[in-house]
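Now for the letters of each chain:
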Amino acid sequence: MDVRINAQWKNELKDTFNQEYWTNLASHIHELYIKTAVYPPPKDIFRAFDLCPFDKVKVVILGQDPYHGKGQANGLCFSVNEGLSLPPSLKNIYKEIHSDLGITPNPSGDLSRWAKQGVLLLNSVLTVLANKPASHAGMGWEKFTDEVIQKLSQNKKHVVYMLWGKYAQKKGEIIDKSNNLVLSSGHPSPFSEKLFFGNHHFTKCNAYLEKHGLTPINWH
């Protein structure tokens, strides 16, 4: 099956794209896009991969599934399109960056500026029905993104993984912690922000990258 995704990722995941579960998933998702409102737009399903090729990955931030409001989801976890108001979790991420690094992040909610520096903004599930959160959970996306994490863990060293909340932490159990940095805390959602604030993940991330001779991320 021909998948429109960055060439490096296509090569890394070629075995995945030949599996039966993937064929079934792709077919099912394709039908849903024809019949109903699904987010993000089809061209943005693999935007996280397109903006952050395999060899450029330095940081992985794990989200759950795309925003389900019209025009919000843009293929990057926690990110929204330019001009939209910031969702509560992203507001809290910006607050922590300000507190941790002493900088005021760009007010735009489009995080492509991070992705282009090597931050893979990966949702566990890559599509969602309009106005129905977690509606595409259990269809097969989780298996796909597990394989993405496994490929990174097996074939790249010194990657920083930010796992916010129990869902992300469980998904991250397959990461090789001896060759990478795994940072865990509460989720930035207002429901668990007290367990997120003060985690200093952005300082810790950049210190680790610099220690291993890698350019730190500009989190502005």
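Above this text sits the structure in question.
A. Molecular detail of the overall build of the chain. The number of helices and strands found in the chain is eight helices and six strands. In the chain, the order of α-helices and β-strands from amino to carboxyl end is α-α-β-α-β-α-α-β-β-α-β-α-β-α. What you see for the chain is a C-alpha radius of gyration of 17 Å, in line with the 17 Å of a compact globule of 220 residues. Projected onto its principal axes, the C-alpha positions of the chain cover 45 × 35 × 25 Å. When the 220 residues of the chain are sorted by exposure, 52% land in the buried category. In the structure as shown, the chain presents an accessible area of about 10500 Å², 53% of it carried by carbon and sulfur atoms. Within the chain, one finds 25 positive and 20 negative side-chain charges whose respective centroids are separated by 3 Å.

B. Region of interest: the packing of aromatic side chains. With the rule as written, the count across this model stands at 19 aromatic pairs. Ring plane angle 65 degrees and centroid distance 6.0 Å describe the contact between Phe46 and Phe49, whose orientation is recorded as edge-to-face. Residues Phe46 and Phe49 agree in their burial class; the two are buried. Counting every residue linked through ring pairs, the aromatic cluster contains Trp9, Phe17, Trp22, Phe46, Phe49, Phe54, Trp141 and Phe144. Over the face of the ring belonging to Tyr21 we find Lys143, whose NZ or CZ atom lies 5.1 Å from the ring centre. Above the face of the Phe54 ring, Lys156 is positioned so that its terminal group lies 5.7 Å from the ring centre.

C. Geometry of the pattern of salt bridges. Tallied over the full model, the rule gives four salt bridges. Salt-bridge contacts for Lys143 lead to Glu147; the nearest nitrogen and oxygen are separated by 3.7 Å. Pair noted here: Lys143 and Glu147 are both in helix α6 (residues 141–155), with a separation of four residues, about one helical turn. Taking relative accessible area as the criterion, Lys143 reaches 41% and is therefore assigned partly exposed. The closest approach of N and O atoms between Lys171 and Asp146, which form a salt bridge, is 2.7 Å.

What counts, and at which threshold
Residues numbered from 1 in each chain as written. Predicted model: local features only at pLDDT ≥ 70, side-chain atom pairs only at ≥ 80, totals over all residues. Heavy atoms only, no water. Helix = DSSP H or I, 4+ residues; strand = E, 2+ residues; numbered from the N terminus. Rg over C-alpha atoms; globule rule 2.2 N^0.38 Å. Buried < 20%, exposed > 50% of the residue type's maximum accessible area, 1.4 Å probe, protein only. Areas by Shrake-Rupley, 256 points an atom, 1.4 Å probe, with all protein chains shown as cover. Lys, Arg positive; Asp, Glu negative; His and termini not counted. Charge placed at Lys NZ, Arg CZ, Asp CG, Glu CD. Phe/Tyr/Trp six-rings, centres within 6.5 Å; stacked < 30°, edge-to-face > 60°. Lys NZ or Arg CZ within 6 Å of the ring centre and 35° of its normal. Salt bridge = Lys/Arg side-chain N within 4 Å of Asp/Glu carboxyl O.

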